[in-house]
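A closer look at the structure
One-letter residues, chain by chain:
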Amino acid sequence: MVIRGEFFLYNKQILPANLSGSIHMEGTVVYEVIRIVKGVPLFFTDHYHRLLHSCSLIGYVPSVDPLVLLREFRDLTEKNRIREGNILMKIAFTGADE
């Protein structure tokens, strides 16, 4: 996940943004952009279901717990001290995840 700021989230770890250029996602990538207003992801449930549906179209069912994901969004926005903005969330499917 990416949000403008000093940090990004990668595989459940909050890392410095200067490392984001070294992360290369291979395979088929599914993404969602979620708007954050007053520190809260808008229409989170709708975005979560759309992400799952997009993954299902390529035959992949990710094991992404919505409550964990929501907590990660909040942790990331707090770490970046951002109350308004967008989060770009990407899931890469390489075929090796089966």
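Look up: the structure comes first, before these words.
Along every chain, residues carry numbers that run from 1 in the direction the sequence is written. Local features in this predicted model are restricted to residues whose pLDDT is 70 or higher, and side-chain atom pairs enter the listing and the counts only when it is 80 or higher, whereas totals over whole chains, interfaces and linings include all residues. Side-chain numbers come from the whole structure's heavy atoms, not from hydrogens or water.

1. A look at the overall build of the protein
What the protein contains, in helices and strands, is 2 helices and 5 strands. Every helix listed is a DSSP run of H or I at least four residues long, and every strand listed is a run of E at least two residues long, numbered separately from the N terminus. When the helices and strands of the protein are read in sequence order from the N terminus, they spell out β-β-β-β-α-α-β. Residue burial is assigned from relative accessible area. The probe radius is 1.4 Å, only protein chains are included, and a residue is buried under 20% of its type maximum, exposed over 50%, and partly exposed in between. Burial status across the protein gives 33% buried among its 98 residues. Contacts are assigned to residue pairs with any non-hydrogen atoms lying within 4.5 Å of each other. Sequence-distant contacts, at least 24 apart, represent 71% of the contacts inside the protein between residues at least 6 apart. Computed with the Shrake-Rupley method and a 1.4 Å probe, the accessible areas treat only the protein chains shown as cover for residues. For the protein, the accessible surface area stands at approximately 6,300 Å², while carbon and sulfur atoms represent 54% of it.

2. Concerning the pairing of strand β2 (residues 13-16)
Pairing of strand β1 (residues 7-10) with β2, which is carried by 4 bridges, proceeds in the antiparallel orientation. Bridging from a neighbouring strand, Y10 pairs with Q13 of β2. Only strands that DSSP links by at least two bridges are regarded as paired with each other.

3. Details of helix α2 (residues 66-79)
Expected span of a helix, by definition, is 1.5 Å for each gap between consecutive residues, and there is one gap fewer than residues. With 14 residues, α2 extends 20 Å from end C-alpha to end C-alpha; this agrees with the ideal 20 Å at 1.5 Å per step. Among all positions in α2, only L69, L70, E72, F73, L76 and T77 are buried. The buried residues of α2 occupy an angular sector of 160° when projected down its axis, which confines them to one face. Of the residues in α2, the exposed ones pointing more than 90 degrees away from the buried face are L67 and E78. Where α2 is buried, its residues touch β1, β2, β3 (28-37), β4 (40-41), α1 (44-57) and β5 (85-93). In the analysis that follows, any N or O atom pair within 3.5 Å is treated as a polar contact, provided that within protein one partner can donate a hydrogen and the other can accept it, and provided that, for residues neighboring in sequence, both atoms belong to side chains. Between the side-chain oxygen of the N-cap and the backbone nitrogen of L67 there are 2.7 Å, and the N-cap of α2 in question is D65. R81, located one to two residues past α2, shows a positive phi value of around 55°. This arc is built from the directions going out from the helix axis to the C-beta atoms.

4. Considerations on the packing of aromatic side chains
Within 6.5 Å between ring centres, the rings of Phe, Tyr and Trp (the latter by its six-membered ring) count as paired, and their orientation is classed by plane angle as stacked under 30 degrees, edge-to-face over 60, tilted in between. Under the definition given, this model contains 3 aromatic pairs. An angle of 20° between the planes, with centres 6.3 Å apart, marks the rings of F44 and Y48 as stacked. With F44 and Y48 both in helix α1 and 4 residues apart, the pair spans about one turn of that helix. Considered together, F44 and Y48 belong to a single accessibility category, that of buried residues. Between F44 and F73 the ring centres are 5.8 Å apart and the planes differ by 90°, which places this aromatic pair in the edge-to-face class. One end of the pair, F44, is in helix α1; the other, F73, is in helix α2, with 29 residues separating them in the sequence. The pair formed by F44 and F73 is uniform in burial state, with each residue classed as buried. Directly above the ring of F7 sits K79, whose terminal nitrogen or CZ lies 4.6 Å from the centroid. We call a charge positioned above a ring when the Lys NZ or Arg CZ atom is no farther than 6 Å from the ring centre and deviates by at most 35 degrees from the ring normal.

5. Here's the deal with the environment of L9
Inspection of the secondary structure puts L9 in strand β1. When the C-alpha atoms of L9 and F73 are compared, they prove to be 8.6 Å apart, with 64 residues separating the residues in sequence.

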